[in-house]
Amino acid sequence: MTTAFVNGRVLTAKGLETTSIIVDGGRIAAVGETAADRTVDLEGGYLLPGFIDTQVNGGGGVLFNDAPTVEAIATIGAAHRTYGTTGFLPTLISDDLSTVARAIAAVDAAIEAGVPGVLGIHIEGPFLSEQRKGVHDASKFRTLDAAALELLTSARRGRTLVTLAPETTTPEMIGKLARAGVTIAAGHTNATYERLTEALGAGVTGFTHLFNAMSPLTSRAPGAVGAALEHQASWCGIIADGRHIHPAVLRIAFAAKRRDRFMLVTDAMPSVGMTDKSFTIQGRPIRVVDGVCVDENGTLAGSDLDMAGAVANAVRMAGLSLEEAARMASANPAAFLRLDGYGVIAPGARADLVLLDQDLRTQRTWIGGIE
């Protein structure tokens, strides 16, 4: 059955335009046509490609580390779908390799079972810097050796994203990961600019939550931030909540680097989609204070942000157009993960869609054409 989406502003390759689309069998069949078996009235809203979030620790009261299962992934995905996320990477923060193995197996099984939205896994640690650990448990940290390499390349389905500190391994090991098809981001790193530049040459293609938990840009030591902003081909995840990054710093970042290399991420925790804004991470109590997740010492511990909120913040805090912000939440992460046919509204692309109202609040979502 074909469906026409009409009476809305649609984000196409030309930008936001008043047009219609036809969806057939989970794909976009045509743009600019209206003849179909049924019609969806968009009521003047914004129809955008569904949001793709590469960093989702939890949602709906569930933390992926606590429950690396198919059921947990489904719960997390359902919570974030409410806010326009139609594709996501369940994210495991630093843990034992046995837990990493369980998480990889759960994501494989979730994709096989057809859990809506799951695109693969993000393994954030345990190959990180103790100096830039954030809320991660440093007792879990380790170097990236041959056994870990075998595990990180073991997923059978979807994409694998690994966040690591380049100083915990070698360019040769990074190259092996990259050649095996793993997407590699630098994060929680105290590496020098020179070490980061070397890692970029070896196979690192992204940076996890730019500015947070990484060596800063200073006058004589550019650090990880300097390497990220200078390297125009790499992608930068960024948490646009006004708290992880000051709005002025957000604007500076977008002025320093090509905007098609930024990805909005949530770094979301179990509190997203819940009225109860307290939870635990590996036994440590976390609470949401003024919209920010913090531990007992006030250390940032992920976020209570959703993707619709990130898009709205990028528009309101950084002065981006809705088109730019929406692409940072869809086309850009799809390109980073090398996902063809995702993150765009064009003939042949997946019908993963989100409808926002004039206040940029989520109204409806479709994954593979199914609401």
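This text follows the structure it describes.
The written sequence of each chain sets the order in which its residues are numbered from 1. It should be noted that, the model being predicted, local features are given only for residues of pLDDT at least 70 and side-chain atom pairs only at 80 or more, the latter also being counted only at that level, while totals for whole chains, interfaces and linings use all residues. Side-chain numbers come from the whole structure's heavy atoms, not from hydrogens or water.

Draft legend 1. A look at the overall build of the protein chain. Runs of E in the DSSP output that reach at least two residues are strands. Runs of H or I that reach at least four are helices, and both are numbered from the N terminus. If you tally the helices and strands in the protein chain, you get ten helices and 21 strands. Taking 2.2 N^0.38 as the reference for a compact globule, 371 residues should give roughly 21 Å; the C-alpha atoms of the protein chain span a radius of gyration of 20 Å, in line with that estimate. With respect to the principal axes defined by its C-alpha atoms, the protein chain has extents near 60 × 45 × 40 Å. When the 371 residues of the protein chain are sorted by exposure, 56% land in the buried category. It is over C-alpha atoms that the radius of gyration is taken, and the globule rule equals 2.2 Å times the number of residues to the power 0.38. Buried means the residue's accessible area, taken with a 1.4 Å probe over protein chains only, is under 20% of the maximum for its type, while exposed means over 50%, and partly exposed covers the values in between.

Draft legend 2. How the structure looks around the nonpolar core. What we call a nonpolar core is a set of buried Ala, Val, Leu, Ile, Met, Phe, Trp, Tyr and Cys residues that are connected through their side-chain atoms within 4.5 Å. The biggest cluster of nonpolar side chains holds 78 residues, and the ones touching the most others in it are Leu 48, Phe 51, Ile 73, Leu 210, Ile 238, Phe 262 and Leu 264. Of all the elements, helix H8 (residues 307-318) adds the most residues to this core, at seven residues. When near neighbours in sequence (up to four residues on either side) are disregarded, Phe 51 contacts Tyr 83, Gly 84, Thr 85, Thr 86, Gly 87, Met 307, Ala 308, Val 311, Ala 329, Val 354 and Leu 356. Membership of the second largest hydrophobic core comes to 14 residues, among which are Val 10, Leu 42, Ala 349 and Ala 351. It only takes one pair of heavy atoms within 4.5 Å for two residues to be counted as in contact.

Draft legend 3. Representation of the sheet that holds strand S18 (residues 292-294) within the structure. Strands were regarded as paired on the criterion that DSSP finds at least two bridges between them. Strand order in the open sheet formed by four strands is S16-S17-S18-S19, and the pairing between neighbours is antiparallel. The open sheet has two edge strands with one neighbour each: strand S16 (278-281) and strand S19 (300-303). Averaged over all pairs of adjacent strands, the angle between strand axes in this sheet comes to 35°, irrespective of strand direction. Examined bridge by bridge, S18 and S19 share two bridges and lie antiparallel to one another. Bridged to Val 294 within S19 is Leu 300. Axis definition: a line fit to C-alpha positions, over the contact stretch in the case of helices; interaxial angles, taken between N-to-C directions, run 0 to 180 degrees.

Draft legend 4. Spatial organisation of helix H4 (residues 171-179). Among the residues making up H4, those that are buried are Met 173, Ile 174, Gly 175 and Leu 177. A positive backbone phi angle near 95° is found at Gly 181, which sits one or two residues after H4.

Draft legend 5. Representation of the environment of Ala 178 within the structure. In this fold, Ala 178 is placed in helix H4. Since its relative accessible area comes to 29%, Ala 178 is described here as partly exposed. When the C-alpha positions of Ala 178 and Thr 153 are compared, they lie 9.6 Å apart, and in sequence the two are 25 residues distant. When near neighbours in sequence (up to four residues on either side) are disregarded, Ala 178 contacts Ile 184, Ala 202 and Gly 203.

Draft legend 6. Region of the structure containing unusual backbone geometry. Between Gly 125 and the following residue, Pro 126, the backbone shows a cis peptide bond with an omega angle of 15°. A positive phi angle, close to 65°, is found at Leu 360, a residue other than glycine.

Draft legend 7. Highlighting the sheet that holds strand S12 (residues 183-186). The strand order S6-S9-S10-S11-S12-S13-S14-S15 describes an open sheet built from eight strands, whose pairing is parallel. Two strands close off the open sheet at either side, each with one partner strand: strand S6 (51-56) and strand S15 (262-264). By the bridge criterion, two bridges tie strand S13 (residues 206-207) to strand S14 (residues 235-238) in an arrangement that is parallel. Directly across from Phe 207, in S14, lies its bridge partner Cys 236. Against the sheet, helix H2 (residues 97-113) engages strand S9 (85-93) and strand S10 (120-124), with an angle of about 160° to S10.

Draft legend 8. The arrangement of the pattern of salt bridges in detail. We define a salt bridge as a side-chain nitrogen of Lys or Arg found within 4 Å of a carboxyl oxygen belonging to Asp or Glu. Taken as a whole, this structure holds 15 salt bridges when the rule is applied. Residue Asp 145 is joined to Arg 142 by a salt bridge in which the shortest nitrogen-to-oxygen separation is 2.7 Å. Given a relative accessible area of 29%, Asp 145 falls into the partly exposed group. Note that Arg 261 is salt-bridged to Asp 260, the shortest N-O span being 3.5 Å. Several salt bridges share partner residues, and in doing so they unite Asp 95, Asp 96 and Lys 140 into one network.

Draft legend 9. Quick peek at the pairing of S6. In terms of burial, S6 is a largely internal element, six of the six residues being buried. With four bridges connecting them, S6 and S9 associate as parallel partners. In the sheet register, Val 56 faces S9, and the bridge partner there is Pro 90.

Draft legend 10. A look at helix H6 (residues 223-230). Where burial is concerned, most of H6 is hidden: seven out of the eight residues are buried. Among all positions in H6, only Gly 223, Ala 224, Val 225, Gly 226, Ala 227, Ala 228 and Leu 229 are buried. In this fold, the buried residues of H6 make contact with helix H5 (193-202), S13, S14, helix H7 (247-256) and S15.

Draft legend 11. Broad picture of the side chain of Gln 55. Position of Gln 55 relative to the elements: it lies in strand S6. With a relative accessible area of 1%, Gln 55 lands in the buried category. Under the rule applied, a polar contact is a pair of N or O atoms within 3.5 Å (in protein, one hydrogen donor and one hydrogen acceptor; residues adjacent in sequence only if both atoms are side-chain atoms). Reaching out from Gln 55, the side chain makes a polar contact with the side chain of Glu 124 at a distance of 3.1 Å. In contact with Gln 55, other than residues within four places in its own chain, are Leu 89, Thr 91, His 122, Glu 124, Thr 208, His 209, Val 265, Thr 266, Asp 267 and Ala 268.

Draft legend 12. Seen up close, the side chain of His 209. With respect to the helices and strands, His 209 occurs in the loop between S13 and H6. The class of His 209 is buried, set by a relative accessible area of 4%. Within polar-contact distance, the side chain of His 209 engages the side chain of Glu 124 at 3.3 Å. When residues no more than four places from it in sequence are discounted, the contact partners of His 209 are Gln 55, Glu 124, His 188, Met 214, Gly 237, Ile 239 and Asp 267.

Draft legend 13. A look at the packing of H4 against H5. H5 packs onto H4 with a crossing angle of 35° between their chain directions and a minimal axis gap of 8 Å. Every pair of crossing elements has a handedness; the one defined by H4 and H5 is right-handed. Across the interface between the two elements, Pro 171, Ile 174, Gly 175 and Ala 178 of H4 pack against Glu 198, Ala 199 and Ala 202 of H5. Under the grouping applied here, Gly and all other residues not named as nonpolar or charged are polar, the nonpolar ones being Ala, Val, Leu, Ile, Met, Phe, Trp, Tyr, Cys and Pro and the charged ones Asp, Glu, Lys and Arg. The residue inventory of the contact of H4 with H5, partitioned by class, reads five nonpolar, one polar and one charged. Whether a crossing is left-handed or right-handed is set by the direction in which the near helix is turned from the far one by less than a right angle, anticlockwise for left-handed and clockwise for right-handed.

Everything listed is a geometric property; what it means functionally is a separate question.
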